[in-house]
Amino acid sequence: MRDTLTIRFRPVVALGGLVLLLALPLGLIALDQPFYVVLATRILIYALIASSLNLLIGYGGMVSFGHAAFVGAGAYAVAVLVRGGVTSAWLVWTAAMLAGGLLSLLIGAVSLRTRGVYFIMITLAFAQMAYYLVLSLKGLGSDDGLNLPRRPTLGLGLNPRHDLTFYYAVLALFAVSLLGMWRLLNAPLGRALQGIRDNEARMEAIGFPVYRLKLAAFVVAGALAGLGGGLLATLNGLVSPSLLHWTQSGTLMIMVILGGAGQFFGGVAGAVALLLIEEVAAEHTIHWPLGVGVAILAVVLFAPSGLAGLWRRARFSRGGA
Amino acid sequence: MTPLLRIEGLSKRFGGVTAVDAVSLDIAQGELHALIGPNGAGKTTLIHVLSGALPASSGRAVFDGVDVTHLPMHARVRSGLARSYQITSLFPNFTVLENLALALQPQRGHLFTAWQPVAGDETLFAQAQTQAQETGLAGRVDTLAGELAHGERRLLEIGLALATGARLLLLDEPMAGLGPDESQRLLQLLQSLKGRLTVLLVEHDMDAVFRLADRISTLVYGRIVATGTPEAIRAHPEVRRAYLGESAA
């Protein structure tokens, strides 16, 4: 039976990737570059957030231009709770997921009544409303944002201020989240999502409750983005309204397109590529976004399935299958 | 016997235009009922309203004793009322088997809670295989729907509606654009449905209509001008004038 839809990991690649990610910070510390452990953590968090957006854009055909709102909801939830005296990291990160999920439920319930350009515009509008709301609320620090007086604790005797420990906590959440998304995409819900992406009207005509399915995916993506936001807040020790600005939504979208919309590792590839380009190029020129623009142009024209798609293509042509 | 589908004074207006005008019609269990009429008579609009793609302006549709007039499309499909499209509407990146398996999925339930990979669901794909056989696509199960020939696409179009487990099929011009050989295959498929399922068939191919239909209704300017057996419709003066053309009278 030919199977075009199931997403498969080759165990070698998946395990190899995981081992690499486990060893990476140790290598960086051995090379006396501990600063890069923080960068690697940031990349992992963005890889998680971009993957959640890829679930919507690449698999559900929902081009959401307001993903930053959910990231912001998670980040501010963590900031408010930590300042309020909650110390458990697991508790505040769960709250971040709930905040992202709840906000995406509200925004999705309205936005998903529309399609195409209208959907893009209405998600953008909602995210900007959230941005201005945060900006105007004194309790949330207005345009100064909020700082976190301390890092929430991980328990188990782990030192939360230790960058290496935090990296591994983020890596664990990243791995579990990606595993969950993988399971979801191969399950009936994920298959339905891909059907909706390809032919929404016909999905309804063969008996799928399209609106509810899309909303479910939207909430899952929002919750994961909220988790990502909560992790960012913990990493940075502060949150600011710029997290919710529409340019953040744009950056996330660029990550997905650059990495490959509808490729399982598209979000990951895009986050790694964009943040590394930024890191390297920003040292040499302030015009580095121009390079990103050229890269996106090249991807759209020559590799529409993105960097992750290029990797797959190389693998398949080598394997001859 | 109560009809499987009872249409009572169903109308659809677009602004000032009444596309479907107070249509009342009973379709009996097991009947193959053909709907004919000149272009623009409102046949496709009636299918849209019955399937739930467009809301009715007034009147109601009762399917199997339940008023479905205001149900969303997917709920009507789940209750056994499914349609096919005049313009083929498939999942081009799915194989034929994956298309059929997808259409089988909703009736299995647990859409939101099932976590097992679909690909490992052997019963589902066995059912899809049976469906492919019935639809006459058994030899093409591994072909992407987007790579099928036109005639095969039309077969799969109906196969998807069948796979939903429908008891009543609304078929919108299934033979549109088919060559003679392909028409023959589709005619066989429709023939095989007779008696097993109830069908409301919109079709322009008069040979097929008169061969297949138990009863025929003629729609002109959104109104039903005649309903009856193929013989009665063939002889009906108003049908001959309005539809078959003045010269035929």
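No experiment lies behind these values; they were computed from the predicted model shown.

The rules behind these values
- Residues numbered from 1 in each chain as written.
- Chains lettered and ligands numbered in written order.
- Predicted model: local features only at pLDDT ≥ 70, side-chain atom pairs only at ≥ 80, totals over all residues.
- Helix = DSSP H or I, 4+ residues; strand = E, 2+ residues; numbered from the N terminus.
- Rg over C-alpha atoms; globule rule 2.2 N^0.38 Å.
- Buried ≥ 20, exposed ≤ 12 C-beta atoms within 10 Å, placed from the backbone.
- Contact = placed C-beta atoms within 7 Å.
- Nonpolar A, V, L, I, M, F, W, Y, C, P; charged D, E, K, R; others polar.
- Axes fitted to C-alpha atoms, helices over the stretch in contact; angles between N-to-C directions.
- Parallel < 35°, antiparallel > 145°, perpendicular 65-115°, else oblique.
- Left-handed = near helix turned anticlockwise from the far one by under 90°.
- Core = buried A, V, L, I, M, F, W, Y, C linked by C-beta atoms within 7 Å.
- Expected span 1.5 Å × (residues − 1).

Caption draft 1: Representation of the overall build of chain A. Along the backbone of chain A there are 13 helices and two strands. Against the 2.2 N^0.38 benchmark of 20 Å for 321 residues, chain A shows a C-alpha radius of gyration of 19 Å, consistent with a compact globule. By principal-axis analysis of the C-alpha atoms, chain A measures approximately 55 × 45 × 45 Å. When each of the 321 residues of chain A is scored for burial, the buried share is 49%. Long-range contacts, defined as pairs at least 24 residues apart, comprise 77% of the intrachain contacts of chain A with a sequence gap of at least 6.

Caption draft 2: Looking closely at the interface of chain B and chain A. Opposite the 34 residues of chain B that make contact, chain A presents 27 residues. If you list the elements that add at least two residues to the side of chain B that touches chain A, you get α2 (73–78), β6 (81–83) and α3 (96–104) of chain B. Residues that form the side of chain B that touches chain A fall into these classes: 20 nonpolar, ten polar and four charged.

Caption draft 3: Here's a closer look at the packing of helix α2 (residues 35–60) of chain A against helix α11 (residues 266–284) of chain A. Residues and elements named next belong to chain A. Where α2 meets α11, the closest approach of the two axes is 7 Å, and the angle between their N-to-C directions is 135 degrees. Taken together, α2 and α11 sit at an angle that is classed as oblique. Handedness of the α2/α11 crossing: right-handed. Only G266, G267, V268, G270, A271, V272, L275 and E279 of α11 make contact with α2, whose side of the interface consists of L39, R42, I43, Y46, A47, A50, S51, L53, N54 and G58. Within the contact of α2 with α11, the residues separate by chemical class into ten nonpolar, six polar and two charged.

Caption draft 4: Representation of the packing of helix α5 (residues 150–163) of chain B against helix α6 (residues 180–193) of chain B in the model. All names here are of chain B. Relative to each other, α5 and α6 sit at 15 degrees, their axes nearing to 9 Å. Judged on the interaxial angle alone, α6 and α5 are roughly parallel. At the point where α5 passes α6, the crossing takes the right-handed sense. Mapping the contact onto sequence places G151, R154, L155 and I158 in α5 and E182, R185, L186 and L189 in α6. Tallied by class, the residues present in the contact of α5 with α6 amount to four nonpolar, one polar and three charged.

Caption draft 5: Geometry of the nonpolar core. Membership of the largest hydrophobic core comes to 178 residues, with the highest contact counts inside it found for A47, A69, A79 and A271 of chain A together with L100 and L201 of chain B. Apart from residues lying up to four places away in sequence, A47 of chain A is in contact with F174, G267, V268, A271 and V272 of chain A.

Caption draft 6: Here's a closer look at α5 of chain B. Residue and element names in this part refer to chain B. When the terminal C-alpha atoms of α5 are compared, their 20 Å separation across 14 residues agrees well with the 20 Å that a helix rising 1.5 Å per residue should span. With twelve of 14 residues buried, α5 is to be regarded as a mostly interior element. Check the buried side of α5 and you find it contacts β6, α3, α4 (122–135), β7 (168–172) and α6. Following α5 by one or two positions, G165 adopts a phi angle in the positive range, close to 80 degrees.

Purely geometric numbers; function is a separate question.
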